[in-house]
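# An overview of the molecular structure
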Amino acid sequence: MSEITIYSFDKCPFAQRTRMVLIEKDLPFELVEIDVYNKPDWFPAVSPYGKVPVLKHEGNTIYESAIINEYLEEVFPQIQLMPENHFERARARIWIDYCSNRYLPACSQLMRDRNDPEEQEKNLENLGEIFLFMEHECFEKNNGGVFWMGENITLVDLHYAPFFERFGAYENLFGAQWPEECKNIRSWWSAMQERKSYQNTFLPVESHIETYTGMMQRFG
Ligand SMILES: N[C@@H](CCC(=O)N[C@@H](CS)C(=O)NCC(=O)O)C(=O)O
């Protein structure tokens, strides 16, 4: 039996992050698939927040995808997914935070304001600025390399990737677009799509469109 168990849901981008980290680190794990729309009765005993992902390791429960991923990085450092240098590590954490606190809220706002054309125009403009900030403030300041932190893939790439995968659904449903000049982000995304961790976890855009359409119907 594997020493790591991950409770996951195939459509969940947060759980996908953690599955990608496990694959990048080449760690064997047992996958327990949870339908979050129809959770089993025993699930609250496993997941304190009632959410996926949850990681079980050596009898301990760890939850929240970003925290699980840092845990895996500390406990299994053989394949390293954070930079060595202290400043670069801080920089990696800034971009992880940027994803959670700037990029994702800007994407979610598109769903919230979908019936308000005036607000939606501002939201699309704001999202465009966020892309430009990432392009200029991160990618252009790296000394080469295609990844978010430069030469090597890190937790930052794996933090963003599931949400870039879903961008096709935002394009289709809300007309979102990346600014033309985000050339480094485009190259990064092409490189990410080549990774085994992505190829083993991604779902087609049609599935994401269906998921978001279902969410909009359920939550109004
Ligand atoms: N902040 C959490 C978010 C996890 C999350 O929202 N998971 C969703 C599925 S994508 C879930 O389990 N939802 C079930 C529920 O809220 O009842 C993380 O990063 O792990």
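Residues numbered from 1 in each chain as written. Predicted model: local features only at pLDDT ≥ 70, side-chain atom pairs only at ≥ 80, totals over all residues.

### Some points on the pairing of strand S2 (residues 30–33)
To keep it simple, the criterion reads: Two strands qualify as a pair provided DSSP detects at least 2 bridges between them. Helical segments are the DSSP runs of H or I of at least four residues, strand segments are the runs of E of at least two, and each set is numbered from the N terminus. Whether a crossover is right-handed comes down to one check: with the strands pointing away from the viewer, does the path from the first strand over the helix to the second run clockwise; if it does, it is right-handed.
Bridge count between strand S1 (residues 4–8) and S2: 4 bridges; the pairing is parallel. When the sheet's bridge partners are listed, Tyr7 is paired in S2 with Val32. Tracing the backbone out of S1, into helix H1 (residues 13–24) and back to the parallel element S2 gives a crossover that is right-handed.

### Details of the site of the ligand
What counts, and what does not: Any residue whose C-beta atom, as placed from the backbone, lies within 6 Å of a molecule or strand is termed near it. We call Asp, Glu, Lys and Arg charged. Ala, Val, Leu, Ile, Met, Phe, Trp, Tyr, Cys and Pro are nonpolar, and the rest, Gly among them, are polar.
Around the ligand, the surrounding shell consists of Phe9, Cys12, Phe14, Val36, Gly50, Lys51, Val52, Pro53, Glu64, Ser65 and Ala66. Taken together, the residues that form the shell around the ligand break down as 7 nonpolar, 2 polar and 2 charged.

### What to know about the sheet that holds strand S3 (residues 54–57)
Basically, it comes down to this: Only the stretch in contact is used when a helix axis is fitted, and all axes are lines through C-alpha atoms; the angle between N-to-C directions ranges over 0 to 180 degrees. Any two residues are considered in contact once their C-beta atoms, placed from the backbone, lie within 7 Å.
Strands sit in the order S2-S1-S3-S4 across an open sheet of 4 strands; the sheet is mixed. Across the chains shown, the open sheet's two edge strands, defined by having one partner strand only, are S2 and strand S4 (60–63). Here the strands of the sheet are splayed against their neighbours by 20 degrees on average, with no regard to which way each runs. One ladder, built from 4 bridges, connects S3 with S4; its direction is antiparallel. What sits directly across from Leu55, in S4, is Ile62. The sheet strands contacting H1 are S1 and S3, and the helix crosses S1 at an angle near 155 degrees.

### Points about the pairing of S3
Strand direction decides the pairing type here: S1 and S3, joined by 4 bridges, are antiparallel. For Ile6, the partnering residue across the bridge sits in S3 and is Leu55. Between the antiparallel neighbours S3 and S4 lie 2 residues, among them Glu58 with a positive phi of about 50 degrees.

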